[in-house]
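For reference, the chains in residue letters:
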Amino acid sequence: MQRAERYRHARRFAVVAGLVVLLVLPFITEAIDEPFYVDLVTRFMIFAIAAASLDLILGYGGMISFGHAAYLGLGGYAVAIFSFYGIDNGFLQLAVAILGSALIALLIGAICLKTSGLYFIMITLAFTQMLYFLGISLEEYGGDDGVNTNRSEFFEGLDLYDSTTFYYFVFGLLVVCVLGLRRVVASRFGRVISGAKSNDLRMRAIGFPTFRYRLIAFAISGAICGIAGFLLGNLTEFVTPEYMHWSRSGELLVMVVMGGTGTIFGPVIGAVGFLLLEEWLSSLTEHWLLFFGPSLLLLVLFAKRGLFGLISPAAGGGE
Amino acid sequence: MGLPLILEQTLNGVQFGVFLFLIAAGLTLIFGIMNLVNLVHGSLYMMGAYFAAVAYQWSGSFLVALGVALPALFIVGIVLEMVALRTLYQRDHLDQVLATFGLILFFNQLMIFVFGPASQEMNLPQGLEGHVEIISGAPYPTYRLAIIATGLAVALSLYYLIARTRAGMLIRAGASNRTMIAALGVNIRLLFTGIFGLGAALAGLSGAMAGPILSVEPGMGEDMLILSFVVIVIGGIGSVQGALVASIIVGVVETLGRSIIPFLLERIISNEAAQTAGPAITSMMIYILMAAVLFFRPRGLFPAKGG
């Protein structure tokens, strides 16, 4: 019991320390005159939102979606297409990003959740590939070359072109999304999702229409990833079908597992860890994937519990 | 849009289906029997193409290229199974996805590291460069006909292997009840390694034959891999017969649709709208087909027994 207590303190410390670091980071980068890092960490936080959203269905729901990048793309195109027609209203774009992602997730989920296991993995991948090719076929919006966008406008005084402002904007959304996801998984709804993961038949036997619950979780997850896509479109001011490339979906899975599935905080750490590793390795050699690929195999074989798992009790917990 | 064009596009579709079948056949056996999500299979196709292209550049003979690529891939498959994938059979699907995802990244980069980022050249084999006039006014490349013939021959041999031989009996038994045949004293690890080697060689054959008509470059395997997934989902996991039927369907729909749909749309809606909607619809078609099949037959057209 004391051990569990210590671990809880460690986790709480990690989360608070992370928050503090993120809060003061723009001041530090300004002090050492390296403004580049603000954009870099903004990018980390955007992927953290995406990874945390995937954890809802992967870690808690046991749904291995190999197509989560679809919603990054949908969120991105919500910015790009409105911006293309000169509509830069952020509220509208964000609403469309969220609702559009949720709607597409409902459609894809309705088909995918009829299946399970291998089928589920392959079908989520296939549908995202479909959206990827759809993006390529949209000549109007640049096809596979992509399309330039403006940053969204919310209200007077919130200038997203300012790196620091945009940083805190993303930071705020990250906090909202993570807290929201924590609320969801702790709620009765979240319990049903986890229950369906461990024993779907039993959950149905005691009267829960688990299909509906899982479908809604799938849609919530997609909607939150749509927010990440919206932010990514704003950050890069450029949206291409590459947002939805299958390897992006794979990377999101890696982030979640690297951080620790079923923890919400873990994937946030995992996203930062993954992107830092990518930055670091690719600065060493252009053939960094030669080392990164096999290290994924090693991660799976030997460190399955992820970074956040290091400060979580070993047995009996969460699972 | 006349009959010759439709015939040509249909044959192109069948030929594309053969490429898919050669990948999907091994993949579906590995999914069905070993319950392994194997993303590396697309990389095996890519390596088959690379080995063939390099052997071709060195020897100038397509037969030598095939003679190098097939055994090489058989060995690569066996080594890969013994070194990396064997440890994954007992793991859950998520682990398998991540580990084999890592291997894809590795193999793609390995090809860039060894052969450079440019695509490799490979010519049509001697004697098959010409055209055959199937019906008057519709000349068709001999090489593509040879691919179709090879695909059918492989399908027949696989059928013979699985339905008529002792090894095939073990494969079928393994698919329906792994534990039982292990208990009966069959060396299931050896069987798995053998199946993996066979699947790798077939993917390699597909890659080698694709060499002269598609560009041999890193990442060429992934699009084929994802299409093979669609094939397997439509055909039913574990069913080679299903893989054959579904790959021909997917190949024909994908290829024929690209020429027919824009043509039909132009008739129905305005020319301008057709030019926008046509590519969008054709690019989504096989996925819609997959969704439709799943809706009516959730386990595919030819669900494998057991498993």
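As a reminder, the structure under discussion sits directly above these lines.
Residues numbered from 1 in each chain as written. Chains lettered and ligands numbered in written order. Predicted model: local features only at pLDDT ≥ 70, side-chain atom pairs only at ≥ 80, totals over all residues. Heavy atoms only, no water.

Asks: Just checking my understanding: could you explain helix H9 (residues 210-236) of chain A for this structure?
Replies: All names here are of chain A. With 27 residues, H9 extends 39 Å from end C-alpha to end C-alpha; this agrees with the ideal 39 Å at 1.5 Å per step. Burial within H9 is extensive, with 22 of its 27 residues counted as buried. Following H9 by one or two positions, Glu-237 has its phi on the positive side, about 50°. (Helix = DSSP H or I, 4+ residues; strand = E, 2+ residues; numbered from the N terminus. Expected span 1.5 Å × (residues − 1). Buried < 20%, exposed > 50% of the residue type's maximum accessible area, 1.4 Å probe, protein only.)

Asks: Honestly, the packing of aromatic side chains in this entry has me stumped. Any pointers?
Replies: Any two aromatic rings considered together are summarised by their centre-to-centre distance and by the angle between their planes. Residue and element names in this part refer to chain A. On inspection of all chains with the given rule, the structure shows 23 aromatic pairs over all chains. Centre to centre, the rings of Phe-208 and Tyr-213 are 5.9 Å apart; their planes meet at 85°, and the pair counts as edge-to-face. Exposure class is identical for Phe-208 and Tyr-213. Each is buried. Among the aromatic residues, those joined into a ring-pair cluster are Phe-91, Phe-154, Phe-155, Phe-166, Phe-169 and Phe-230. We note Lys-114 situated over the ring of Phe-211; from NZ or CZ to the ring centre the distance is 4.8 Å. The positively charged end of Arg-151 is found above the aromatic ring belonging to Phe-166, 4.7 Å away from the centroid. (Phe/Tyr/Trp six-rings, centres within 6.5 Å; stacked < 30°, edge-to-face > 60°. Lys NZ or Arg CZ within 6 Å of the ring centre and 35° of its normal.)

Asks: What is the right way to look at a nonpolar patch on the surface in this model?
Replies: Taken together, A:Val16, A:Leu19, A:Val20, A:Leu23, A:Val24, A:Phe27, A:Ile28 and A:Ile32 make up a surface patch of nonpolar side chains, about 700 Å² in accessible area. When you line up the elements, A:Phe27 lands in helix H1 (residues 2-31). (Patch = residues over 30% accessible without salt bridge, like charges linked within 9 Å, V, L, I, M, F, W, Y side chains within 5 Å. Areas by Shrake-Rupley, 256 points an atom, 1.4 Å probe, with all protein chains shown as cover. Salt bridge = Lys/Arg side-chain N within 4 Å of Asp/Glu carboxyl O.)

Asks: It is not clear to me how the state of the cysteines should be interpreted in this structure. Could you clarify?
Replies: Note: disulfide means a covalent bond formed between the sulfur atoms of two cysteine side chains. Overall, the coordinates contain 0 disulfides over all chains when judged by the stated rule. Cysteine A:Cys225 shares no disulfide, and the gap to the nearest cysteine sulfur, in A:Cys177, comes to 10 Å. (Disulfide = S-S within 2.5 Å.)

Asks: Can you help me understand the packing of helix H7 (residues 188-198) of chain A against H9(A) in this one?
Replies: For any two helices packed against each other, the geometry is given by the interaxial angle and the distance between the axes. Residue and element names in this part refer to chain A. For the pair H7 and H9, the least separation of the axes is 10 Å and the interaxial angle reads 110°. Of the possible angle classes, the one that applies to H7 and H9 is roughly perpendicular. The hand of the H7/H9 crossing is left-handed. Facing Arg-188, Phe-189, Val-192, Ile-193 and Ala-196 of H7, the residues of H9 in contact are Thr-210, Tyr-213, Arg-214, Ile-216, Ala-217 and Ile-220. (Axes fitted to C-alpha atoms, helices over the stretch in contact; angles between N-to-C directions. Parallel < 35°, antiparallel > 145°, perpendicular 65-115°, else oblique. Left-handed = near helix turned anticlockwise from the far one by under 90°. Contact = heavy atoms within 4.5 Å.)

Asks: Teacher, can you tell me more about the interface of chain A and chain B here?
Replies: At the junction of the two partners, chain A supplies 39 residues and chain B supplies 44 residues. The junction of chain A with chain B conceals about 3900 Å² of combined surface from both sides, 83% of it contributed by carbon and sulfur atoms. Its largest share of buried area at the contact with chain B, chain A owes to A:Leu118, A:Tyr119 and A:Met122, together 17% of the area lost on that side. Contributing elements (two or more residues each) for the side of chain A that touches chain B: helix H5 (117-137), helix H10 (246-259) and helix H12 (289-302) of chain A. The element best represented in the side of chain A that touches chain B is H5(A), accounting for 14 residues. (Buried area = accessible area lost by both parts, 1.4 Å probe.)

Asks: Would you mind going over unusual backbone geometry with me for this structure?
Replies: Most peptide bonds adopt trans geometry, and most residues besides glycine take a negative phi value. Notably, A:Glu237 is not glycine yet its phi reads approximately 50°, a positive angle. Note on placement: A:Glu237 falls in the loop between H9 and strand E2 (238-239). Of note, B:Asn35 is a non-glycine position whose phi angle comes to about 55°, a positive value. You can see B:Asn35 is positioned in the loop between helix H1 (3-34) and helix H2 (41-59).

Asks: Please explain the side chain of A:Ser53 as it appears in this structure.
Replies: Inspection of the secondary structure puts A:Ser53 in helix H2 (residues 36-60). Non-local contacts of A:Ser53, meaning those with residues more than four positions away in its chain, are made with A:His68, A:Leu181, A:Ser221, A:Ile224 and A:Cys225.

Asks: I'm lost on the pattern of salt bridges in this one. Help?
Replies: Pairing between side chains of opposite charge can happen when their charged atoms approach one another. All names here are of chain B. One pass over the structure, following the stated rule, counts 6 salt bridges over all chains. For Asp-95, the salt bridge is made with Arg-91, and the minimal N-O distance between the two is 3.1 Å. Given a relative accessible area of 3%, Asp-95 falls into the buried group. Owing to a relative accessible area of 27%, Arg-91 belongs among the partly exposed residues under this scheme. Residues Arg-258 and Glu-254 are paired through a salt bridge, measuring 2.9 Å at the closest nitrogen-oxygen approach. With a gap of 4 residues between them, Arg-258 and Glu-254 both fall in helix H10 (residues 240-268), about one helical turn apart.

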